[in-house]
Amino acid sequence: MLSLLHIENIALIDGADLSFGPGFNVLTGETGAGKSIIIDAISAVMGERTSRDLIRTGEKSALVTALFRDLPDLPWFQEMGIGPDENGELLLSRKIQADGKNICRVGGVPCTVVQLRALGSQLIDIHGQHDGQQLLDETCHLGYLDSFGQLEEETAAYRKSYETLAELRRQISGLKMNEAEKARRIDSLQYQIAELERASLRPGEEEELDERRTLLRSADQLMAAVEGAYSALFGDDERDGATSLLAEAEGSIARIADFSQELGQLSGTLSDLRYAAEDASERLRDLRDTFDFSPQELDEVESRLDLLYRLKKKYGSTVQEMLDYLDRSRQELEQIEMADDTIRKLEKKRAKVLEGVRQQAQALSEKRQAAARTLKERIEEELRQLDMPKVRFETEFAPKEGELGLDETGMDQVRFLMSANVGENLKPIAKVASGGELSRIMLALKNVLAENDSIMTLIFDEVDTGVSGRAAGKVAEKMSRLSQSCQVLCVTHLAQIAAMSDSHFSVQKEEKAGRTYTNVAVLDREGRKQELARLTGGAHTSAAILEGAEELLREAEAYKAQRRSS
């Protein structure tokens, strides 16, 4: 259960610590005092989508920390290898920064918002005041039914098979084309393949041609430079080269090399220089002899590069991309020429898969119908406890529209119908339910769905909208009974519900030093009576209203005592 909630710099709350107990926890306060801010803070630390606008004005970041105790062995713990400490406690935190970044931790270990959200969905279920509107959206009804029937594995298996069927259908559709279109595509592919094959493309060819063209364009300059260097080293008819001069210098020093160590070293240096000059001279001669430049070769290189340029404009930005395009074109041409045979094979496979999908859809439908019968009994029982004894609830099944009568959810089109009064026909919920009835139906549905959940904390954020009088008392009793099996947190404006709480928090707004602050306080019994009187009579409370608040508390205490003893 959620044991402690610490909030820093969230909207109007600069700092607050809330210690929640087991059972039924209630938050009350004036409209705008900040009750929903607390729910927003819980949503944030559960990894739900939030905004940096939640950060209190003037602050750089906001922080929410939640401490949980007595948790079961959740699937998330097994998957992530993180769990409660040796005391059975687990600390979650989320820091929301003004630059939009989030720092999340579970048990002190950093995690992503997505991972935090996955854990949060297993810890807390939050029902907002607008959840009742989902009942009006008939596209949500199938999801509710599958959740109640615990059909997650069946729906996942069916969806996987349906995706296989859909992929086969896409493959067949992609292969089918009319004869004229087929002929045009074959002609186009044959022309492109022939053009690329004639070009005899080779990887790396363009780079080699570019280098050769640069060389050919500078042929005269290269020849002159190499010839000049060779003449300088080897010599010519008019002068001796560097090799001859070095040989002469070496011979002169060699004759006196024995006179001193320094002359001997100098003789060796001159010998090395002569050898190096002779080697360079030979390499320049070999390079000069390999030069074979002609204007015709330059024209051929230019022509080849121009061809590659024109092909690149149509088939790819590099030679390798053009070769890849050629491979794909060959494969596509082969597929088109073999399409009829491939289609026959795919159609045969599709028929077999379709048969299996239909069988899965039928089995899933039967389980849904069985779940719908149980759901009817449970919802009607819940609604009787919520002061709606005459209501009738049904799940209507209709076949899916379309060619196959199937989609990714199965073969069933589902919607919930109800009749709130005796003698009235079953109709869609949107047409017969008032605001208060809608709230109670949603509460009943959530209660029924919660029976199959391992979630230990349920939060109701003003779900009692439109409920009053005797119905409010029934809703209060229902929440009190629900809190026997899990922790319940409720934001409410109804005195009957607040009176039934085990822990009562008052949320108040005040101004101080030109700023607005939200404060949260735990109420003792006298404080609860005063708050119930305010909920009943507004700002001005009389002795009669206070006596009525006291009566509400006594009745709630008597109800809970009777419930515990039974």
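Computed from a predicted structure; not experimentally measured.

Criteria and thresholds
Residue numbers run consecutively from 1 along every chain, following the written order of its sequence. The model is predicted, so local features are restricted to residues of pLDDT at least 70 and side-chain atom pairs to those at 80 or more, both for listing and for counting; the totals for chains, interfaces and linings are taken over all residues. Think of the side-chain values as coming from all heavy atoms in the structure, minus any hydrogens and water. For two strands to be treated as a pair, DSSP must find at least two bridges joining them. A run of H or I in DSSP counts as a helix once it spans at least four residues, and a run of E counts as a strand once it spans at least two, with each numbered from the N terminus. Angular values range over 0 to 180 degrees, each being the angle between N-to-C directions of two axes fitted as lines to C-alpha atoms, with helices fitted over their stretch in contact. Any two residues whose heavy atoms approach within 4.5 Å at even a single point are treated as in contact. Each crossing gets its hand from how the near helix is turned against the far one by less than a right angle, where anticlockwise is left-handed and clockwise is right-handed. Three classes are used, and their members are as follows: Ala, Val, Leu, Ile, Met, Phe, Trp, Tyr, Cys and Pro are nonpolar, Asp, Glu, Lys and Arg are charged, and the others, Gly among them, are polar. Definition used in this section: a nonpolar core is a set of buried Ala, Val, Leu, Ile, Met, Phe, Trp, Tyr and Cys residues joined via side-chain atoms within 4.5 Å. Per-residue accessibility, obtained with a 1.4 Å probe over protein chains only, is compared with the maximum for each type, and a residue is labelled buried under 20%, exposed over 50%, and partly exposed between these values. Ring pairs shown here join Phe, Tyr and Trp side chains whose ring centres sit within 6.5 Å, with only the six-membered ring taken for Trp; geometry is labelled stacked below 30 degrees between planes, edge-to-face above 60, and tilted in between. The rule for a charge over a ring is simple: NZ of Lys or CZ of Arg within 6 Å of the ring centre, and within 35 degrees of the ring normal. Oblique is the label for any angle not covered by the other classes, which are roughly parallel (under 35 degrees), roughly antiparallel (over 145) and roughly perpendicular (65 to 115). A helix is expected to span 1.5 Å for every residue after the first. By convention in these notes, a salt bridge is any Lys or Arg side-chain nitrogen within 4 Å of a carboxyl oxygen on Asp or Glu.

What to know about the sheet that holds strand 2 (residues 13–19)
Backbone-to-backbone hydrogen bonds join strands into a sheet, with any given pair of strands oriented parallel or antiparallel.
Here is step 1 of the chain: In spatial order, the strands read 2-1-4-5-6-7; together these six strands make up an open sheet with antiparallel pairing. The two strands at the open ends of the sheet, each matched to only one other strand, are strand 2 and strand 7 (109–111). Ignoring strand direction, the axes of neighbouring strands in this sheet form an average angle of 15°.
Here is step 2 of the chain: Contacting strand 1 (2–10), strand 2, strand 4 (61–69) and strand 5 (89–97), helix 1 (residues 35–45) crosses the sheet at an angle of about 105° to strand 1.
Here is step 3 of the chain: Packing against the sheet, helix 3 (residues 113–123) makes contact with strand 4, strand 5, strand 6 (102–106) and strand 7, and its axis sits at approximately 135° to strand 5.

Some thoughts on the sheet that holds strand 14 (residues 503–512)
Here is step 1 of the chain: Strand order in the open sheet made by the six strands is 8-12-13-3-14-15, with mixed pairing throughout. In this open sheet, the two edge strands, each paired with only one partner strand, are strand 8 (124–127) and strand 15 (515–522). The sheet shows a mean angle of 15° between the axes of neighbouring strands, direction not considered.
Here is step 2 of the chain: Running over the sheet, helix 3 touches strand 8 and strand 12 (457–461) and is turned about 80° from strand 8.
Here is step 3 of the chain: In the packing of helix 19 (residues 525–537) onto the sheet, the strands contacted are strand 3 (24–29) and strand 14, and the crossing angle to strand 3 comes to about 55°.

Description of the packing of helix 19 against helix 20 (residues 543–565)
Here is step 1 of the chain: Running from N to C, helix 19 and helix 20 cross one another at 115°; their axes reach a closest spacing of 8 Å. Judged by the sense of rotation from one axis to the other, the crossing of helix 19 with helix 20 is right-handed. Across the interface between the two elements, Arg525, Arg528, Lys529, Gln530, Leu532, Ala533, Thr536 and Gly537 of helix 19 pack against Ile545, Leu546, Ala549, Glu550, Leu552, Leu553, Arg554 and Glu557 of helix 20.
Here is step 2 of the chain: Across the contact of helix 19 with helix 20, the residue classes break down as seven nonpolar, three polar and six charged.

Regarding the nonpolar core
Soluble globular proteins tend to pack their nonpolar side chains together in the buried interior.
Here is step 1 of the chain: Among the nonpolar cores identified, the biggest contains 56 residues, and Leu135, Leu375, Phe460 and Met479 are the most heavily contacted of them.
Here is step 2 of the chain: Sort the elements by how many residues they give to this core and helix 16 (residues 435–450) lands first, with nine residues.
Here is step 3 of the chain: Filtering out sequence-adjacent residues up to four positions away, leucine 135 remains in contact with His141, Tyr144, Phe416, Ile429, Leu438, Ile441, Met442 and Leu445.
Here is step 4 of the chain: By size, the runner-up hydrophobic cluster in this structure holds 44 residues, among which are Leu27, Met46, Ala62 and Cys111.

Some thoughts on the packing of aromatic side chains
Here is step 1 of the chain: Applying the stated criterion across every chain yields a total of five aromatic pairs.
Here is step 2 of the chain: Measuring from centroid to centroid gives 5.1 Å for tyrosine 315 and tyrosine 325, while their planes differ by 40°, and the two rings are tilted. Here tyrosine 315, found in helix 12 (residues 295–315), pairs with tyrosine 325, found in helix 13 (residues 319–337); they are 10 residues apart in sequence, far enough to count as distant.
Here is step 3 of the chain: The class of tyrosine 315 is buried, set by a relative accessible area of 7%.
Here is step 4 of the chain: Ring plane angle 50° and centroid distance 5.1 Å describe the contact between phenylalanine 393 and phenylalanine 416, whose orientation is recorded as tilted. Linking phenylalanine 393 in strand 9 (residues 392–399) with phenylalanine 416 in strand 10 (residues 412–419), this pair joins segments that are 23 residues apart in sequence.
Here is step 5 of the chain: Overall, the relative accessible area of 0% leaves phenylalanine 416 in the buried class.
Here is step 6 of the chain: Note that arginine 274 overlies the ring of tyrosine 275, its terminal NZ or CZ placed 4.4 Å from the centroid.
Here is step 7 of the chain: Between lysine 512 and the ring centre of tyrosine 517, over which it is positioned, the NZ or CZ distance is 5.1 Å.

Topic: the pairing of strand 10
Here is step 1 of the chain: Counted residue by residue, strand 10 has six buried out of eight residues, so it is predominantly covered.
Here is step 2 of the chain: Note that strand 9 and strand 10 share eight bridges and pair antiparallel. Residue phenylalanine 397 lies in a different strand from strand 10, and its bridge partner there is valine 414.

Some words on the packing of helix 6 (residues 152–175) against helix 14 (residues 339–385)
Here is step 1 of the chain: Interaxial distance between helix 6 and helix 14 falls to 9 Å at its minimum, and their mutual angle equals 155°. The angle between the axes of helix 6 and helix 14 places the two elements in the roughly antiparallel class. Relative to helix 14, helix 6 is oriented so that their crossing is left-handed.
Here is step 2 of the chain: Across the contact of helix 6 with helix 14, the residue classes tally to 15 nonpolar, six polar and seven charged.

Some thoughts on helix 17 (residues 469–482)
Here is step 1 of the chain: Helix length check: helix 17, at 14 residues, gives a terminal C-alpha distance of 20 Å against a target of 20 Å (1.5 Å per residue), a fit within 8%.
Here is step 2 of the chain: Among the residues making up helix 17, those that are buried are Ala471, Ala472, Val475, Ala476, Lys478, Met479, Ser480 and Leu482.

Points about the pattern of salt bridges
Here is step 1 of the chain: One pass over the structure, following the stated rule, counts 36 salt bridges.
Here is step 2 of the chain: The salt bridge partner of glutamate 332 is arginine 185, with a shortest N-O separation of 2.8 Å. Residue glutamate 332 is found in helix 13, and its partner arginine 185 is found in helix 7 (residues 179–198); the two are separated by 147 residues along the sequence.
Here is step 3 of the chain: A salt bridge links aspartate 412 to arginine 368; the shortest N-O distance between them is 3.3 Å.

Overview of unusual backbone geometry
Note: most peptide bonds trans; most residues except glycine with negative phi.
Here is step 1 of the chain: At alanine 11, a residue that is not glycine, the phi angle is positive and equals roughly 50°.
Here is step 2 of the chain: Inspection of the secondary structure puts alanine 11 in the loop between strand 1 and strand 2.
Here is step 3 of the chain: Look at alanine 11 and you get partly exposed, because its relative accessible area is 24%.
Here is step 4 of the chain: Phi is positive for glutamine 150, close to 50°, though the residue is something other than glycine.

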